[in-house]
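What follows is the residue order along each chain.
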Amino acid sequence: MGYSGARGGLDAILAAEELVRSARETDESPRLSTGQITGRMRLAVDRVMGEGSLYDAATAADALRQAEGDVIEATHLVRAHQSTLPRLAVSEPVDPDEMTVLRRIVPAWRTPVGPQLLGRTSDYTGRMLVRDDRHEPGDELSDNDFPERRDSDRRPQRFSDMLREMDLMVDSRPADGIDPEPFDISRHPAAPPAPRSAVLASMARAETGSLIGTWYRSIRGTEGNLHEVTLGEVRHGRVPVRVRHPHTGNPFVLGEIEVTECEAIEDLDGPDEDRGRFDVGYGLCFGHNERKAIAMANLDIACRRFGDESGLEQTLLLTTDGLDSCGFLEHLKLPHYVTFRSMIDRKLAVRAGAPDLSDRNTEPLGRTC
C-alpha cells in the first residue's frame, strides 16, 4: 500500500495526542473515576467487555475514559490489553441453567412456569429527557418495597423446556449427547463453513450495531428470508465460573459473571423441515446487552436455516467485528498520496490514449511527503 508520512512528521503527531490528553481533565470537566463509570454507564461498560472479549468492568471503564466514550476505540484498547495477559487456566463449560436470574421476560407466553421478572430496565419508561440527573422523576424506593424472591423464582424452568414437554420442539442436540469442542476464535480465524460454536462466538464479540443491522437486513432486506420472529425468553443474571484446581484437579467456583441470554422460537415451514414442531435459536453474551443477545438468537436460527443460500454465515464471521470494520474504515484517514497519485496517472494515460505508462512524462501535481 502506498502510505506516506503525514506532513509535520512526529512533532505534529505528538502535538495532536497532547491535545487529546489535555482535554480529558479540565476545571470544567473533572476526571471521572473508574467507579463512577462502572456505576453510571454500566451498559456501555458491558458492551466494551463483550466486544473486547475480556470480562473486567474496571478495565472496560478505564478504556472508556481513555477513549473519551468511544465504544469502538475502548474495545480496541481492551483487546490490545487482553493480548498481553497470560492464560492461566481454561474454565469449565458454563451451564446457563445455574444462572441466578435478575431479569426474565417471556414474550411468547402469558403465564410461563415461574415468574416474569422485569428487573432493572427502562423498557416501559417514557422517553422523556431529564436534563438534571439530581432530580429524576419518581418516588424513592427502599429495599422494603421489593418482594422477597425464593430461590426457585431465580431459577425458573425454561420456556423451551415446556415446549419440549409438549413435544413441539425439534431435537437438534448431538445423538451421543456430547457437545463438540468449542471453536476458539481468539486463537484461530474462523471461515465458512464453520461450526456453530464459531458463529456464536463471533456474534458474541461482534459490534452490537453491526449485528443488529445484519439481523434486520436478514429479515427485511431485498435478499432476506422473511420468517416468523418470536422471542421465547430473555434472561439476564449471574452464572458461576469454574476452573480446575492446579493441584487437586477438582473444579471450584472462581467467581461469577453477568450474562444476557436469549432463546428465539422459530416456526418451521420449509419443505424439508418438520412443520409440526418449532426450532430454537440461541444467544448469550457478556454483561447486560439484550439487543445483542436477541439479534444473536435470531441470526443463529436464520444462519442454520438459510445460511448456505444467503451467505449469512460468511457475513457474520467476516464483517460484523467492530475492530475489523472500523479499522479498515479508519485506515482511509492515513495519507494515501502515492496511491491516489498513481490513480491520477492512470486516468491521464487513459485520456491521452497511451497504453505504456512508463513512457509517459506528466507534469508533477505537487510535492508528496
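Refer to the preceding data block for the structure.
A brief structural summary. (Residues numbered from 1 in each chain as written. Predicted model: local features only at pLDDT ≥ 70, side-chain atom pairs only at ≥ 80, totals over all residues. Heavy atoms only, no water.)

### Details of unusual backbone geometry
Counted only if it meets this: Segments assigned H or I by DSSP are reported as helices when at least four residues long, segments assigned E as strands when at least two residues long, and all are numbered from the N terminus.
The amide bond that connects Pro192 to the next residue, Pro193, takes the cis arrangement and shows omega of -5°. The backbone phi angle of Ser53 is positive, close to 60°, even though this residue is not glycine. In this structure, Asp167 is a non-glycine residue whose phi angle is positive, near 60°. Among the secondary structure elements, Asp167 is positioned in the loop between helix 7 (159–165) and helix 8 (196–204).

### Some details on the packing of aromatic side chains
Put simply, the test is: Between rings of Phe, Tyr and Trp, where Trp is taken as its six-membered ring, a pair exists when centres lie within 6.5 Å; planes separated by under 30 degrees are stacked, by over 60 edge-to-face, and by other angles tilted. Burial classification: accessible surface area is computed with a 1.4 Å probe over protein chains only, and a residue below 20% of its type maximum counts as buried, one above 50% as exposed, and the rest as partly exposed.
The final tally for this structure, using the stated rule, is three aromatic pairs. For the ring pair Trp109 and Phe159, a centre distance of 5.9 Å and an interplane angle of 45° mean the geometry is tilted. With Trp109 in the loop between strand 1 (100–105) and helix 6 (151–154) and Phe159 in helix 7, the pair connects residues that are 50 residues apart, well separated along the chain. With relative accessibility at 34%, the residue Trp109 sits in the partly exposed group.

### Looking at the nonpolar core
As a reminder of what qualifies: By nonpolar core we mean a set of buried residues, namely Ala, Val, Leu, Ile, Met, Phe, Trp, Tyr and Cys, connected to one another through side-chain atoms within 4.5 Å. What makes two residues a contact is simply this: any of their non-hydrogen atoms within 4.5 Å.
By size, the foremost hydrophobic cluster in this structure holds 27 residues, and its most contacted members are Met203, Leu211, Met296 and Leu316. Listing elements by their share of this core, those giving two or more residues are helix 8, strand 2 (230–244), strand 3 (251–267), helix 10 (290–310) and helix 11 (312–318). Here the element with the most residues in this core is helix 10; it accounts for eight residues. Apart from residues lying up to four places away in sequence, Leu316 is in contact with Val199, Ser202, Met203, Leu211, Thr214, Leu299 and Cys303.

### Section: the side chain of Thr75
Along the chain, Thr75 falls in helix 5 (residues 71–82). On the basis of relative accessible area, Thr75 is assigned to the buried category, the value being 1%.

### Quick word on the side chain of Thr100
Relative to the elements of secondary structure, Thr100 occurs in strand 1. Residues contacting Thr100, with those up to four places away along its chain left out, are Arg154, Arg155, Gly237 and Arg238.

### Looking at the sheet that holds strand 1
Convention followed: Paired strands, as defined in this entry, are two strands with at least two bridges between them according to DSSP. To obtain each axis, a line is fitted to C-alpha atoms, and for helices this fit is confined to the stretch in contact; angles are then taken between N-to-C directions over 0 to 180 degrees.
Sheet architecture is open: four strands sit in the order 1-2-3-4, paired in antiparallel fashion. Here the strands that pair on one side only, and so sit at the sheet edges, are strand 1 and strand 4 (278–286). Strand-to-strand twist of the sheet, defined as the mean angle between neighbouring strand axes without regard to direction, takes the value 25°. Pairing analysis gives 14 bridges linking strand 2 to strand 3, with the strands arranged antiparallel. From the neighbouring strand, Thr230 faces strand 3, where its bridge partner is Ile265.

### Digging into the packing of helix 3 (residues 42–52) against helix 5
How two helices sit against one another is set out by the angle between their axes and by the gap between those axes. Let me state the cut-off plainly: Note on terminology: angles under 35 degrees are roughly parallel, angles over 145 are roughly antiparallel, angles of 65 to 115 are roughly perpendicular, and the others are oblique. The crossing is said to be left-handed when, going from far helix to near helix, the turn is anticlockwise and less than a right angle, and right-handed when the turn is clockwise. Under the scheme applied, nonpolar residues are Ala, Val, Leu, Ile, Met, Phe, Trp, Tyr, Cys and Pro; charged residues are Asp, Glu, Lys and Arg; polar residues are all the others, including Gly.
Direction vectors running N to C along helix 3 and helix 5 enclose 50°, while the axes themselves pass 8 Å from each other. Classified by the interaxial angle, the pair formed by helix 3 and helix 5 is oblique. Note on packing geometry: the crossing formed by helix 3 with helix 5 is right-handed. Residues Arg47, Val48, Glu51 and Gly52 of helix 3 touch helix 5, and the partners they reach there are Val71, Ile72, Ala74, Thr75, Val78, Arg79 and Gln82. Residue classes in the contact of helix 3 with helix 5 are distributed as five nonpolar, three polar and three charged.

### A short note on the environment of Arg47
Mapped onto the elements of the fold, Arg47 is located in helix 3. Here the alpha-carbon distance between Arg47 and Phe286, two residues 239 residues apart in the chain, equals 7.8 Å. Contacts of Arg47, omitting those with residues within four sequence positions, involve Val71, Glu207, Thr208, Gly209 and Asn289.

### Notes on the packing of helix 4 (residues 57–66) against helix 5
Packing of helix 4 against helix 5 leaves a shortest axis separation of 8 Å and a crossing angle of 130°. Comparing the axis directions of helix 4 and helix 5 gives the class oblique. Along this stretch, helix 4 crosses helix 5, giving a crossing that reads as right-handed. Along the contact surface, helix 4 presents Thr59, Ala60, Ala63, Leu64 and Gln66, while helix 5 presents Val71, Ala74, Leu77, Val78 and His81. Looking at the contact of helix 4 with helix 5 residue by residue, the classes come out as seven nonpolar, three polar and no charged.

### Remarks on a nonpolar patch on the surface
So the rule is basically this: By definition, no residue in a patch forms a salt bridge, and every one has over 30% relative accessible area; like charges are joined within 9 Å, nonpolar side chains (Val, Leu, Ile, Met, Phe, Trp, Tyr) within 5 Å. Accessibility throughout is a Shrake-Rupley quantity obtained with a 1.4 Å probe, and a residue counts as covered only by protein chains that appear here. Any carboxyl oxygen of Asp or Glu that lies within 4 Å of a side-chain nitrogen of Lys or Arg is treated as forming a salt bridge with it.
Taken together, the side chains of Leu10, Ile13 and Leu14 make up a nonpolar region of the molecular surface, amounting to roughly 290 Å² of accessible area. Of note, Ile13 is situated in helix 1 (residues 9–24).

On their own, these measurements won't tell you what the molecule is for.
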